[in-house]
Amino acid sequence: MLSKGLYSTILLFVTLVIGTAVAPGVGHAERESSRAGAPDLLNMNITALPDLAARIPTMEYVPGSPAHVVYGTGRGFVYLFTMSGHRLRPVTKINLWKGIKDVDLSDLDGDGKPEVLALTKEAVLYALDLKSLKIIWNTEEGYFEGISCFTVADMEQDGESEIILLADNHLFVFDIGSGYERWKSLEEYEATDILAGDVDGDGMQELVLSNGTVLDSRLYEEEWTYELTFGHSMDLFDIDSDGVLEVVSLDGAGDLQIVDVDDRARQWQ
């Protein structure tokens, strides 16, 4: 694991290199660098990219042969890079015009290959083709004032995934193929993260909000609310190997906690 000092140094360096070396004509901060030592320094840090991307909301590492990196900038650009030896080489880019807040990867069409999800600071979510970065789908500009979090899941188990958003304190479910808004919650929720998974062993996925709310996948009704909340840095794991996912997160004090939704109790803190 990278130390905080090393992580900050690599983050600063990669941000500068990506911002200055691969997008000539975009602006001063993105013009090609003429520093003779930059490629060698980049070679030294390439091996840290998977760990680095895992820590940066606007960067995703795509393993493969060759591997790729997707990176969103505060200027509104999303870049696709390919690994060539120990160097990053630009493949393509798209300008979404508003600063990028989050970049994620998800297989939206079930073909086994990920698409790019890019959330702008102006509350527009885009689905992009990984190879070309062309827009597949996006929420309407100005439709939301703010998008807090989102996830992708086949909630109806029909082989087609939905995009679930928490926006303007309401949950929305969008059909990816048609862009149709399937459902909007009447209730208001406040959360910083949302995940989907079978956390109660019924064979169906539930929606898990970081505020402690668990909703079923049929009518999106509340199954249970954990009064202490799930906190932040939330993820789902089968910790006890019983075939049912537990909620693993950091509570309000920053302590690790494991919550068993099936038993509706905290397993460990």
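Let me begin by describing the structure that accompanies this report. In this text the structure is predicted, and so the values were computed from the model without any measurement.

## Side note on the side chain of Thr58
Summarising the element assignment, Thr58 is placed in the loop between helix 3 (49-55) and strand 1 (59-62). Dropping the residues within four chain positions of it, Thr58 is found in contact with Val70, Tyr71, Gly72, Ile100, Lys101, Asp102 and Val103.

## A look at the sheet that holds strand 3 (residues 77-84)
Strand order in the open sheet formed by 4 strands is 1-2-3-4, and the pairing between neighbours is antiparallel. The sheet terminates laterally at strand 1 and strand 4 (87-95), the two strands that pair on one side only. Going across the sheet, the axis of each strand differs from the next one's by a mean of 20°, ignoring polarity. Here 8 bridges tie strand 3 to strand 4, and the two strands are oriented antiparallel to one another. Within strand 4, the residue paired with Tyr79 across the bridge is Lys93.

## Let's talk about the pattern of salt bridges
Tallied over the full model, the rule gives 5 salt bridges. Residues Asp51 and Arg55 are paired through a salt bridge, measuring 3.0 Å at the closest nitrogen-oxygen approach. Here Asp51 pairs with Arg55, and both are found in helix 3, just 4 residues apart, close to one helical turn. Under the relative-accessibility criterion, Asp51 is labelled partly exposed at 28%.

## Focus on the sheet that holds strand 10 (residues 162-167)
Within a sheet, adjacent strands bond to each other through the backbone by hydrogen bonds, running parallel or antiparallel. Ordered by their spatial adjacency, 4 strands build an open sheet running 9-10-11-12, and the pairing between neighbours is antiparallel. With partners counted over all chains shown, the strands left at the sheet margins are strand 9 (147-153) and strand 12 (181-184), one partner each. Geometrically, the sheet is characterised by an average inter-axis angle of 20° between neighbouring strands, direction not taken into account. In this structure, strand 9 lies alongside strand 10, joined through 6 bridges in antiparallel fashion. The partner of Phe150 across the bridge, within strand 10, is Leu165.

## Things to note about a negative patch on the surface
A grouping of Asp238, Asp240, Asp242, Asp262 and Asp263 is seen on the molecular surface, where their side chains present a negatively charged patch. Position of Asp263 among the secondary structure elements: in the loop between strand 19 (256-260) and strand 20 (265-268). Judged by its relative accessible area of 57%, Asp263 is exposed.

About the cut-offs
Residues numbered from 1 in each chain as written. Predicted model: local features only at pLDDT ≥ 70, side-chain atom pairs only at ≥ 80, totals over all residues. Heavy atoms only, no water. Helix = DSSP H or I, 4+ residues; strand = E, 2+ residues; numbered from the N terminus. Contact = heavy atoms within 4.5 Å. Pairing = 2+ DSSP bridges. Axes fitted to C-alpha atoms, helices over the stretch in contact; angles between N-to-C directions. Salt bridge = Lys/Arg side-chain N within 4 Å of Asp/Glu carboxyl O. Buried < 20%, exposed > 50% of the residue type's maximum accessible area, 1.4 Å probe, protein only. Patch = residues over 30% accessible without salt bridge, like charges linked within 9 Å, V, L, I, M, F, W, Y side chains within 5 Å. Areas by Shrake-Rupley, 256 points an atom, 1.4 Å probe, with all protein chains shown as cover. Lys, Arg positive; Asp, Glu negative; His and termini not counted. Charge placed at Lys NZ, Arg CZ, Asp CG, Glu CD.

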